[in-house]
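Inside the fold
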Amino acid sequence: MSLLVVGSVALDSVETPFGIKEEVLGGSATFFSTAASFFNPVQLVAVVGEDFPEAHVEFLRSRNVDLSGLVREKGRTFRWKGKYGWQLNEAQTLDTQLNVFQSFSPKLPEAYRHTPYVFLGNIHPQLQGQVLDQVKAPKLVAADTMNLWIQNTRAELLETLKRVNLLFVNDGEARQLTGEHNVVKAARAILGMGPSTVVIKRGEYGALLFEKGHMFACPAFPLEDVFDPTGAGDTFAGGFMGMVATAGTLDRDVLCRAMVMGSVMASFNVERFSLDRLRDLQTPELYARFNEFKRLTHFDEFPLKA
């Protein structure tokens, strides 16, 4: 089934201890779309400027991403510049230029309005609400957010959360949103805000999924080479949502497999800069690592004595 994503398409400049890349393809909707496209057709809604390279457009098309909702406006494309230290846990933002993204007002093509699976990327919660006003009876609405929206647009965010089935946040955002230091308590509090499912991303420590009366923990895949964590969270969400849309159900087992696939997809993303690793990734590699995950985490029951 098709997936709809609304978010940013950007040009990123990234510095890590392993190199520097200038104005490479980035943005939440881009990373999500590329990851999800391994499983399903993707419909993308975003805005770029006159300077956005046509080669990036052709790459997205080659990934079976429908770009009917990608608008090219007069002006410059959204740009982000960041730097990572040796631990690669969090980026230091050096520069943000919203450019055409500043006036972004998502308008869904008619063909997109009946898409069953919707991902609201990390954009202003008011814009997320505008998207939800345009879709018709989606099967699953998932959303991402960030500390900026939690701090500055809390009221709008809380209204949006009432309309969302699944929320992706990292552990710091979960704490900030709820005022709870413990991530388990924070997740329970978020479940009381509207979403029926919460996924808390914890970087190199994996991710946690919470539903009422159920919790699932997924580790991060152990890697020897980590070059650039930019977009890992959106890549995780793309793998997760792609797996759910492929299954066509929201059964608990499907959600658990989706957690593992999200982690697998993110593990490939961080192995090179930008989307370079996902450009070369082949489906057999993807499923081989998924199966390796099972081997790494499987163990027998403890042999209790009668």
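Residues numbered from 1 in each chain as written. Predicted model: local features only at pLDDT ≥ 70, side-chain atom pairs only at ≥ 80, totals over all residues. Heavy atoms only, no water.

Where an unreviewed UniProt entry is consulted, the protein appears under the name Sugar or nucleoside kinase, ribokinase family, with the organism given as Stigmatella aurantiaca.

1. Some details on the environment of Ser263
Basically, it comes down to this: Secondary structure counts use DSSP, requiring at least four H or I residues in a row for a helix and at least two E residues in a row for a strand, with both numbered from the N terminus. Classification of residues uses two cut-offs on accessible area relative to the type maximum, computed with a 1.4 Å probe and protein chains only: under 20% is buried, over 50% is exposed, and between them is partly exposed. Under this definition, polar contacts are N or O atom pairs within 3.5 Å; protein pairs additionally need one hydrogen-donor-capable and one acceptor-capable atom, and for neighbouring residues in sequence, both atoms have to be side-chain atoms.
Assignment of secondary structure puts Ser263 in helix 9 (residues 252-269). A relative accessible area of 8% places Ser263 in the buried class. Spatially, the C-alpha atom of Ser263 lies 6.9 Å from that of Phe221, the residues being 42 residues apart in sequence. From its side chain, Ser263 meets the backbone oxygen of Pro219 in a polar contact 3.1 Å long.

2. Examining the pattern of salt bridges
For clarity, the threshold we go by: Salt bridges are identified by distance alone: a Lys or Arg side-chain nitrogen within 4 Å of an Asp or Glu carboxyl oxygen.
Counted under the stated rule, the structure contains 16 salt bridges. One salt bridge in this structure joins Lys162 and Glu159, with 3.0 Å as the shortest N-O distance. Residue class for Glu159 comes out partly exposed when judged on its relative accessible area of 46%. A single network of salt bridges, built from pairs that share partners, joins Glu54, Glu58, Arg61 and Arg72.

3. What about the pairing of strand 12 (residues 207-211)?
For the record, the criterion: Strands are treated as partners if at least two bridges between them are detected by DSSP.
Summarising burial for strand 12: 5 of the 5 residues are buried, a large majority. Bridge analysis of strand 11 (residues 197-201) against strand 12 gives 5 bridges, and the strand direction is antiparallel. For Lys201, the partnering residue across the bridge sits in strand 12 and is Ala207. Where strand 11 folds back on strand 12, the antiparallel hairpin that results is connected by 5 residues, among which Gly203 adopts a positive phi of roughly 60 degrees. Strand direction decides the pairing type here: strand 12 and strand 13 (residues 214-218), joined by 5 bridges, are antiparallel. Each residue of the ladder has a partner; that of Phe210, found in strand 13, is Met215. As consecutive antiparallel partners, strand 12 and strand 13 are separated by 2 residues, and within that stretch Gly213 has a phi angle of approximately 80 degrees, a positive value.

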